[in-house]
Amino acid sequence: MANDLFNSFMTGPDEQGRFGDFGGRFVSETLMPLILSLEEEYEKAKTDDEFWAEMNDLWTHYVGRPSPLYFAERLTDHLGGAKVYMKRDELNHTGAHKINNVLGQIILARRMGKTRIIAETGAGQHGVATATVCAKFGLKCVVYMGAHDVERQAPNVFRMRLLGAEVVPVTSGRGTLKDAMNDALRDWVTNVRDTFYCIGTVAGPHPYPAMVRDFQAIIGKEVREQMDAAEGRLPDTLIAAIGGGSNAMGLFYPFLDDKEVNIIGVEAGGKGVNAKMEHCASLTGGRPGVLHGNRTYLLQDDDGQILEGFSISAGLDYPGIGPEHAWLHEIGRAKYVSITDVEALEAFQLCCTLEGIIPALEPSHALAHVMKLAPTLPKDHIICMNMCGRGDKDIFTVAKALGFEMGNFG
Ligand SMILES: *Cc1c(COP(=O)(O)O)cnc(C)c1O
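Per-chain numbering applies: the sequence of each chain, read as written, is numbered from 1 onward. The predicted nature of this model means local features are confined to residues of pLDDT at least 70 and side-chain atom pairs, given and counted, to a pLDDT of 80 or more, with totals for whole chains, interfaces and linings taken over all residues. Computation of side-chain values: all heavy atoms of the structure, hydrogens and water removed.

By the naming in an unreviewed UniProt entry, the protein goes by Tryptophan synthase beta chain and is assigned to Pseudosulfitobacter pseudonitzschiae. UniProt positions are given in the numbering used here, feature names are shortened, and annotations may be inferred rather than shown by experiment. Quoted straight from UniProt, the Function (unreviewed entry) entry for the protein says "The beta subunit is responsible for the synthesis of L-tryptophan from indole and L-serine." Per UniProt, the comment on the protein under Sequence similarities (unreviewed entry) is "Belongs to the TrpB family."

What follows is the structure in structure tokens.
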């Protein structure tokens, strides 16, 4: 199945891993050989039918793919405009899209003879997916997580420990996702021989952004087939939430050549993009710089110091964005908007009561933009949004935001 994914699209990267002026590999000399050997292994795997047969088998029997494409009828009626479809990636094993990519990287790690897997995590979804696949294959797993996140995401920390992973709280910097990624990169350099670094989004030095995108592209590839079966044509508009940008790239990538398909990425606007950096909208509120081995749009102050993002959704709390999105933004192929915490919470509640689906707070941002857009469009316009995660992990955050005390709902 694989090979047709890689030949026809307009998008890069070039051999240096650059998407226009973005991406690349800004890494120390010690890291370079590791990255080159990973790239070599991935280049081999791309066209290796055995690799993709193993992926397909696990996607089908372990993850539960293909995920359904669902017509949200009551939501569509309620909004009174465009037809709204949801790609149900929240039904994957472990509850989000992260596992699509983790499986690919762990199969590569096994092929390279690596026995120790490290990962960074913010809200804990990537850490849980990595711990899960490591348990399945009997690999040692170490997850770096900001000390602040360890505190606010206790259920995911316990999940990772149940799955046999070691969770290392990171106290450097401000103790968040950015710092966890720095420590994971440091670990990699010092444990060269047996360790594989499994990155959770389309960030990091080349080949990670392109490789993670290719693993997540199964989302958009399925949507093409499913939409053809349901409507006999392509969707008109694609919408996805963006933290680092992997679920969005996965949905968008197989449609980049179809100029008639509108593509919209939704960043976390937190308290509002004008609210003194209390948001995570790297494209709408940041500017280009270098972080974690690539050049992209970042939240930074006048001196180039990276700023902490803010969002009600811990999974969108990354101060950068994948370099391919920076490029798609610059060439105008995709449009990027932001949605505030308040708007996302409203969409979250509407989805629960109209569709019987409790969404994660991340895709609630995408849904909030659907709610703005659909009423302005004709009834024969088709929107497809990526429901990239389920909301179980977020019920405490939502309860607090809505003024409920858990355990006291009477
Ligand atoms: C991690 C996560 C995100 C953000 O990551 P992307 O790389 O932008 O996809 C979004 N939604 C969910 C449900 C997540 O777990």
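(A) Structural detail: the state of the cysteines. Only a pair of cysteine sulfur atoms within 2.5 Å qualifies as a disulfide here. Counting across every chain of the model gives 0 disulfides. Left unpaired, Cys352 is separated from the closest cysteine sulfur, that of Cys351, by 6.2 Å. The exposure class assigned to Cys352 is partly exposed, which follows from its relative accessible area of 22%. For every residue, the accessible area (1.4 Å probe, protein chains only) is compared with the maximum for its type, and the residue is labelled buried under 20%, exposed over 50%, or partly exposed between those bounds.

(B) Spotlight on the sheet that holds strand E9 (residues 237-241). Strands qualify as paired when DSSP identifies two bridges or more between them. Put simply, DSSP H or I for four residues or longer makes a helix, DSSP E for two residues or longer makes a strand, and each gets a number counted from the N terminus. Pairing is mixed across the open sheet formed by 6 strands, whose spatial order is E3-E4-E14-E9-E10-E13. Across the chains shown, the open sheet's two edge strands, defined by having one partner strand only, are strand E3 (69-71) and strand E13 (335-340). Pairwise comparison of adjacent strand axes, ignoring direction, gives a mean angle of 25 degrees for this sheet. For E9 and strand E10 (residues 262-270), the ladder comprises 5 bridges, and the chain directions are parallel. Along E10, the bridge assignment pairs Ala240 with Gly265. We call two residues in contact whenever any of their non-hydrogen atoms come within 4.5 Å of each other. The axes are straight lines fitted to the C-alpha atoms, using for helices just the contacting stretch, and the angles between their N-to-C directions are given from 0 to 180°. Contacts from helix H11 (residues 218-231) reach E3, strand E4 (83-87) and strand E14 (382-386), with the element oriented near 140 degrees to E4.

(C) Molecular detail of the site of the ligand. Nearness of a residue to a molecule or strand requires only that one of the residue's heavy atoms be within 4 Å of it. Close to the ligand lie 15 residues; Lys98, Thr201, Gly243, Gly245 and Ser246 are nearest. Definition of a polar contact: a pair of N or O atoms within 3.5 Å, with one able to donate and the other able to accept a hydrogen when the atoms are protein atoms, and with sequence-neighbouring residues admitted only if both atoms are side-chain atoms. Contact distances for the ligand include 2.7 Å between an oxygen atom and a backbone N or O atom of Gly243. Amino acids are sorted into nonpolar (Ala, Val, Leu, Ile, Met, Phe, Trp, Tyr, Cys and Pro), charged (Asp, Glu, Lys and Arg) and polar (every other residue, Gly among them). Of the residues assigned to the shell around the ligand, the class counts are 3 nonpolar, 10 polar and 2 charged.

(D) How the structure looks around the UniProt feature "modified residue: N6-(pyridoxal phosphate)lysine" (unreviewed entry) in the protein. If you check UniProt for "modified residue: N6-(pyridoxal phosphate)lysine" (unreviewed entry), the listed places come out as Lys98 in our numbering. Mapped onto the elements of the fold, Lys98 is located in helix H5 (residues 98-111). Using a relative accessible area of 18% as the deciding quantity, one classes Lys98 as buried. Apart from the residues within four sequence positions on either side, Lys98 is in contact with Gln125, His126, Ala129, Gly200 and Gln216.

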